[in-house]
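Here is how the chains run, residue by residue.
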Amino acid sequence: MQRRKLRVAVVGATGAVGEEMLRVLETRQFPVSDLVPLASERSRGRSVAFRGKPVDIRVLGKESFQGIDLALFSAGASISREFAPQAVRAGAVVVDNSSAFRMDPEIPLIVPEVNSEMISRHKGIIANPNCSTIIMVVAIAPIHRLSPIQRIVASTYQAASGAGAKGMDALLREVEGENQRSTSVPLNSRAKDSPFPHRLAGNLIPRIDVLQENGYTKEEMKLVFETRKIMGLPPIPISATCVRVPVERAHSESVQITTRDPLSLEEIREAIQNSPGVQLQDSPREDVYPMPLIVSGEDDVFVGRIRKHPDERNTYDLWIVGDQIRKGAALNAVQIAEKLLDG
Ligand code: A2P
């Protein structure tokens, strides 16, 4: 893609990730000549703000991609499956935030800090990984470069934002209801139209996305398969437990890795400190470690609580936090587009 001003479509521009894509395009001064925000019939007549001006939302349809150079998709997998190939046929390059194409061997799955060299293999569509996967691989790739990772065990603490604007809205309404609680509102009441299977406020829900035959959820298996694809790993053992937590927008992860060779904690810290997109925040005695409240709104992924396993060889425990909407979705998509421009 040539470095010139581009006509950019954002599919799902009214959603939590789509709106953040607009902010990231603005703040990173991405060379946009025309912005085309696309959404559903429900958003007809509305506008979004871009560079201080309102831009009319258009309803997504067959003709939406005429003249578009770059299309950022974040409106769910079925919309991507139907419209991303149409956008490519119309001449656009697609960066797709859904799960529709991530495991297609022909489609690059990119985290720029980890595998940007794969971008050039695209044939029109580039997939943006799942939020938990992006946040984890940015943090562990520097360690993998020191010594190949041979095993991963991850537990995620995923924010409401992972279920989009309606997820954050449901959590806020439940918390508000809790603050104004009268004896007539039962403690376990779930917000109307919540995308979660149970009340989230004051709770933990150990099931994200649908259950698979093997007892793991689709979210957990995404982390396994996507991590192997992005990091170019052989089928090493990886397992995950993904939990929804009552946090607005940053995901946290407890991750245990085993490397081929022994590493010192100093080496690990130094590798993280010297890598782009990730910051060390590891002074637990001073109560300094990453937390979702602090990391929300940040571009980088933060790592702390780095420990060497007391019993297992070459095994390390990490605590990782990243803003789900930013690096976990919108920022990573725009960074992929920036790499396209540079390439
Ligand atoms: P709309 O607001 O018009 O429904 P989130 O994941 O935060 O809920 O956002 C989902 C995004 O995907 C929204 O921008 C939503 O637009 C968009 N979307 C959902 N269904 C469609 C559809 N059928 N056509 C176009 N956009 C859609």
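This report concerns the structure included in the present document. Everything numeric in this text was worked out from a predicted model, so none of it was measured. (Residues numbered from 1 in each chain as written. Predicted model: local features only at pLDDT ≥ 70, side-chain atom pairs only at ≥ 80, totals over all residues. Heavy atoms only, no water.)

## A few points about the packing of helix H1 (residues 16–27) against helix H9 (residues 326–342)
When two helices pack together, their arrangement is given by the angle between the helix axes and by the axis-to-axis distance. Going by this rule: Simply put, an axis is a line fit to the C-alpha atoms, just over the touching stretch for a helix, and the angle between two N-to-C directions goes from 0 to 180 degrees. Strands here mean DSSP runs of E at least two residues long; helices mean DSSP runs of H or I at least four residues long; both are numbered from the N terminus. Under this scheme an angle from 65 to 115 degrees is roughly perpendicular, one under 35 degrees roughly parallel, and one over 145 degrees roughly antiparallel; angles in between are oblique. The sense of a crossing depends on the near helix, which, turned anticlockwise from the far helix by less than a right angle, makes the crossing left-handed and, turned clockwise, makes it right-handed. Note on contacts: a residue pair is in contact if any heavy atoms of the two residues lie within 4.5 Å. Each residue gets one of three labels, nonpolar for Ala, Val, Leu, Ile, Met, Phe, Trp, Tyr, Cys and Pro, charged for Asp, Glu, Lys and Arg, and polar for the others, Gly among them.
Contact geometry for H1 and H9: axes closest at 9 Å, N-to-C directions at 50°. Considering their axes alone, H1 and H9 lie oblique with respect to each other. With respect to the hand of their crossing, H1 and H9 are arranged in right-handed fashion. Here Val-17, Glu-20, Met-21, Val-24 and Leu-25 of H1 come into contact with H9, specifically with Arg-326, Ala-329, Ala-330, Leu-331, Ala-333 and Val-334. Here the contact of H1 with H9 is composed, by residue class, of 9 nonpolar, no polar and 2 charged.

## Remarks on helix H6 (residues 218–231)
Rule in force here: A helix's residues, less one, multiplied by 1.5 Å, set its expected span. The classification of residues rests on relative accessible area computed with a 1.4 Å probe and restricted to protein chains. Under 20% of the type maximum is buried, over 50% is exposed, and intermediate values are partly exposed.
Over its 14 residues, H6 runs 20 Å from end to end, which matches the ideal 20 Å to within 8%, given 1.5 Å per residue. Most of H6 is tucked away: 10 of the 14 residues are buried. Of the residues making up H6, those classed as buried are Glu-219, Glu-220, Met-221, Lys-222, Leu-223, Val-224, Glu-226, Thr-227, Ile-230 and Met-231. The inward-facing, buried residues of H6 contact helix H3 (112–115), helix H4 (131–146), strand E9 (149–158) and strand E10 (238–244). Positive backbone phi, at 65°, marks Gly-232, one or two positions downstream of H6.

## What about unusual backbone geometry?
One non-glycine residue, Gln-29, lies in the positive phi region at around 50°. Considering the arrangement of structural elements, one finds Gln-29 in the loop between H1 and strand E2 (32–39). Of note, Asp-287 is a non-glycine position whose phi angle comes to about 60°, a positive value. With respect to the element layout, Asp-287 can be found in the loop between strand E12 (278–280) and helix H8 (292–295). Classification of Asp-287 by relative accessible area gives exposed; the value is 52%.

## Observations regarding the environment of Pro-108
Position of Pro-108 among the secondary structure elements: in the loop between strand E7 (93–96) and H3. Here Pro-108 falls in the buried class, since its relative accessible area comes to 7%. Taking the C-alpha atoms as reference, Pro-108 lies 15 Å from Pro-85; in sequence the two are 23 residues apart. With sequence-adjacent residues up to four places away left out, Pro-108 is seen in contact with Met-118, Ile-119, Arg-121, His-122, Ile-125, Ile-126 and Ala-127.

## Section: a nonpolar patch on the surface
Heads up, the condition is: For patch building, the residue pool is restricted to those with more than 30% relative accessible area and no salt bridge; the joining distance is 9 Å between like charges and 5 Å between nonpolar side chains (Val, Leu, Ile, Met, Phe, Trp, Tyr). Per-residue and other accessible areas follow the Shrake-Rupley method at a 1.4 Å probe size, with only the shown protein chains counted as cover for residues. Any Lys or Arg side-chain nitrogen found within 4 Å of a carboxyl oxygen on Asp or Glu counts as a salt bridge.
A contiguous nonpolar surface patch, about 340 Å² in accessible area, is contributed by Met-291, Leu-293 and Ile-294. Inspection of the secondary structure assignment puts Met-291 in the loop between E12 and H8. According to the relative accessible area criterion, Met-291 is partly exposed, its value standing at 35%.

## Focus: the sheet that holds E9
Short version of the rule: For two strands to be treated as a pair, DSSP must find no fewer than two bridges joining them.
Taken together, 6 strands build an open sheet; the order of strands is E10-E9-E11-E14-E13-E12 and the sheet is mixed. Bordering the open sheet on either side are E10 and E12, each of which pairs with just one other strand. In this sheet, adjacent strand axes meet at a mean angle of 20° when their direction is disregarded. Strand direction decides the pairing type here: E12 and strand E13 (residues 301–308), joined by 3 bridges, are parallel. Residue pairing in the sheet places Val-278 in a bridge with Val-301 of E13. Contacts from helix H7 (residues 265–273) reach E12, E13 and strand E14 (315–323) within the one sheet, and its direction differs from that of E13 by about 175°.

## What about the pairing of E13?
The sheet contact formed by E13 and E14 spans 5 bridges and is antiparallel. Across the sheet, Arg-307 pairs through a bridge with Asp-317, a residue of E14. Turn length for the E13-E14 hairpin, with the two strands adjacent in sequence and antiparallel, is 6 residues, and the turn residue Asn-314 shows positive phi of about 50°.

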